[in-house]
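One-letter residues, chain by chain:
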Amino acid sequence: MKRSETIKAALISLLLFCLAIGAWHLATLPKESLAISGADVEYAALMGAGAQKASGFPPPAEVGKAFIRYLSDPFYDNGPNDKGIAIQLGHSLLRVGLGFILAILVAIPLGFVIGMSPLLMKALDPFIQVLKPISPLAWMPLALYTLKDSNVSGIFVIFICSVWPMLINTAFGVASVRRDWLNVARTLEVSPLRKAFLVILPAAAPTILTGMRISMGIAWLVIVAAEMLVGGTGIGYFVWNEWNNLALPNVIFAITMIGVVGMGLDALFGRLQKLVTYRE
Amino acid sequence: MSTHFLYIEALKKVYPSSNNTPNSPVFEDIHFHIEKGEFVCIIGHSGCGKTTILNVVAGLEEASAGYVLMDGREIKGPSLDRGVVFQSHALMPWMSVLGNVAFAVRSKWPAWTKSQVVAHCTQYLEMVGLGDAVLKKPAELSGGMKQRVGIARAFAIQPKMLLLDEPFGALDALTRGTIQDELRKIVQATHQTIFMITHDVDEAILLADKIVLMSNGPHAKIAEIVEVTMARNRIRAEIHHDPQYYRIRNHLVDFLVNRSKSYAGAESGAAHDPKNPPVVRPGLEGDNNPVLQPPTENSVPPLKQVVNQ
């Protein structure tokens, strides 16, 4: 029953995909060459056949070619403006990874402390509430000025956007560990460190992982925008560069890649979440 | 100063109030003691502060006044000397059954090797009949089995005293009976000192040596201490053949239904001295005819009365 349902769902997904591609294909079919004035013919001849191509929205076949071209050789490096897709994605992932790890190093211990002390929770709450809604990109000028490096600024932006969901979820998870479990630890005279790692951490882990998953989602959204802004390398820069080249098939290809990698990251954290979730 | 094992002196608890008028104390003037190897149950209506008293003895809560001495030393904070079985079993769901008990055992004996810990835990899990469920997670166990793990965990650290907070409250009658029997056997074998909260009069009679009766809160006090004078090796299936059983049971039910209110607050009888609550032995009252006889119609308490109240 369950298996056949999965197959059915997959078939419907495939059907929808084909329908969308088909509609796209029909919508971008080359139009019957309209009556063009003499001057335009001359102009077209001067510009070569390329002018016609670049003006319309690319049909799926053309985008498909871009997919094949980039995926068949993902690691080439022809200088700063022409790198393989894997290299670009790698740069983005590296920035996200570094910023994310920094955020973990700050948010988890700080969240632990805040979660255990209602006083600190209250004292820090106004700061968190004000800092949390700031768009991470708004930090960019400050980051560029103080850090003086576009790459490091990108990592900082990832850090600042990942830190809040993790911090809030860790604090919440730690603060809502069941009284009973803490009482068990107390009656057993468990040392604070053992209590933190063997009772509070596992008890709060599902909530913490939820925070990390949200953070990763946001970080992946933000890295594209950040890289569009600072340039250099990365998938966001790639999108912007291809826009400047007016190479829409490449842009569509890059958008798809962003989606696929984002899905992969989310699935990874979903897996981790399942690993630490306990049934009561 | 005292020769008793556990000594509770002038205990009082007032919870902080949310408005300006001070709360009246949940209980006050609580005096009683427990000897080594004794099984003491405490019975009283909800809100009389039984759980608070147990938590104070456990060291999890602080009393507003008074103190508790164990082995001549004042109890300040929780300790491995006192094992607690929680009402909600309080097992860590991410650890296996063995892991839960091992967590406690490692806390008591940090220097033990892994095999030592496992052997010790297995021994106690086998004692409660869970020898073949050691690797299961608590979520895979029934309510009764979870509570058994809780009991094994408390016994495994070999505390000087065991505190049980309504351990069988959430279990069905059949499971409760089985675990009560197991607990009774274990206690007889280990001579563990136990302080237990219960709502179940029959459970108290089956297990306890002394039953502490508390009047209703606020201003709850110890009204009486009932000594269970029946032989210690009571058997659940035969206990109702003992004429003492009904006398004790009637006494307890009568207290809970009719008399527990009258002790509260200022109305308490002038003759009642909370420092020395009367010790009664209803089981021996009017025992002119010690011949064992099955309960007759008029010796059976009218149970309907209890239900109606």
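The rules behind the values
Residues numbered from 1 in each chain as written. Chains lettered and ligands numbered in written order. Predicted model: local features only at pLDDT ≥ 70, side-chain atom pairs only at ≥ 80, totals over all residues. Helix = DSSP H or I, 4+ residues; strand = E, 2+ residues; numbered from the N terminus. Contact = placed C-beta atoms within 7 Å. Rg over C-alpha atoms; globule rule 2.2 N^0.38 Å. Buried ≥ 20, exposed ≤ 12 C-beta atoms within 10 Å, placed from the backbone. pLDDT = per-residue confidence, 0-100. Nonpolar A, V, L, I, M, F, W, Y, C, P; charged D, E, K, R; others polar. Axes fitted to C-alpha atoms, helices over the stretch in contact; angles between N-to-C directions. Left-handed = near helix turned anticlockwise from the far one by under 90°. Pairing = 2+ DSSP bridges. Parallel < 35°, antiparallel > 145°, perpendicular 65-115°, else oblique.

(A) The arrangement of the overall build of chain B in detail. Broken down by element type, chain B carries eight helices and 11 strands. Across chain B, the fraction of contacts at a sequence separation of at least 24, relative to all contacts at a separation of at least 6, is 73%.

(B) Quick peek at the overall build of chain A. Along its length, chain A carries 12 helices and zero strands. Relative to the globule expectation of 19 Å for 280 residues, the C-alpha radius of gyration of chain A, 25 Å, shows a markedly less compact shape. Summarising its shape, the C-alpha atoms of chain A cover approximately 90 × 60 × 35 Å along the three principal directions. Here chain A, with 280 residues, has 31% of them falling under the buried criterion.

(C) The confidence of the model for chain B, seen in detail. All names here are of chain B. Overall, the prediction assigns chain B a mean pLDDT of 84, with 89% of residues at 70 or greater. Mean pLDDT per element in chain B: helix α8 (residues 303-308) is the minimum at 42, and helix α2 (residues 97-108) is the maximum at 95. Counted against residues more than four places away or in other chains, residues 289-309, with its pLDDT under 50, gives 15 contacts. The ipTM, which scores confidence in the relative placement of chains, is 0.82 for this predicted complex, and the corresponding pTM is 0.83.

(D) How the structure looks around the interface of chain B and chain A. Each side of the interface is counted separately: chain B has 18 residues, and chain A has 15 residues. At the level of secondary structure, the elements contributing two or more residues to the side of chain B that touches chain A comprise β6 (82-85) and α2 of chain B. In terms of residues, the side of chain B that touches chain A owes the most to one element, α2(B), which gives three residues. Of the residues assigned to the side of chain B that touches chain A, the class counts are 13 nonpolar, three polar and two charged.

(E) Quick look at the environment of B:Ala152. Residues and elements named next belong to chain B. Looking at the secondary structure, you find Ala 152 in helix α4 (residues 143-156). A residue is classified by how many C-beta atoms lie within 10 Å of it, and Ala 152, with 26 of them, is buried. If sequence neighbours within four positions are ignored, Ala 152 has contacts with Val 101, Tyr 124, Leu 125, Met 127, Val 128 and Leu 130.

(F) The arrangement of the packing of α2(B) against helix α3 (residues 114-127) of chain B in detail. Residues and elements named next belong to chain B. Axis separation between α2 and α3 bottoms out at 9 Å; the angle between their running directions is 115°. Between α2 and α3 lies a crossing of right-handed hand. Along the contact surface, α2 presents Val 97, Leu 98, Val 101, Ala 102, Val 105 and Arg 106, while α3 presents Val 117, Val 118, His 120, Cys 121, Tyr 124 and Leu 125. Along the lines of polarity and charge, the residues of the contact of α2 with α3 split into 10 nonpolar, one polar and one charged.

(G) Main features of the confidence of the model for chain A. Looking at chain A as a whole, the pLDDT averages 90, with 91% of positions reaching at least 70. Confidence over residues 50-54 of chain A falls short of pLDDT 50; this stretch has three contacts with residues more than four positions distant or in other chains.

(H) Summary view of the sheet that holds strand β5 (residues 73-74) of chain B. All names here are of chain B. The strand order across the open sheet formed by four strands is β2-β1-β4-β5, and the pairing between neighbours is antiparallel. Edge strands, defined here as strands with exactly one partner in the open sheet, are β2 (27-34) and β5. When strand β1 (residues 6-13) meets strand β4 (residues 65-70), the two strands line up antiparallel, connected through five bridges. Residue pairing for β4: Leu 6 is matched across the bridge by Met 70. The sheet contacts of helix α1 (residues 50-58) involve β1, β2 and β4, and relative to β1 the element is tilted by about 125°.

(I) Examining the pairing of strand β10 (residues 222-227) of chain B more closely. Residues and elements named next belong to chain B. In terms of strand pairing, strand β9 (residues 210-214) meets β10 through five bridges, oriented antiparallel. Bridge pairing links Val 212 to Ile 225 in β10. The sheet contact formed by β10 and strand β11 (residues 279-280) spans two bridges and is parallel. Bridge pairing links Val 226 to Val 280 in β11.

(J) Quick look at the packing of helix α5 (residues 85-116) of chain A against helix α11 (residues 235-244) of chain A. Residues and elements named next belong to chain A. Between α5 and α11, the least distance of the axes is 7 Å, while the angle of their chain directions is 130°. Regarding the angle of α5 to α11, the classification is oblique. Contacts between α5 and α11 involve Gln 88, Leu 89 and Ser 92 on the former and, on the latter, Ile 235, Gly 236 and Phe 238.

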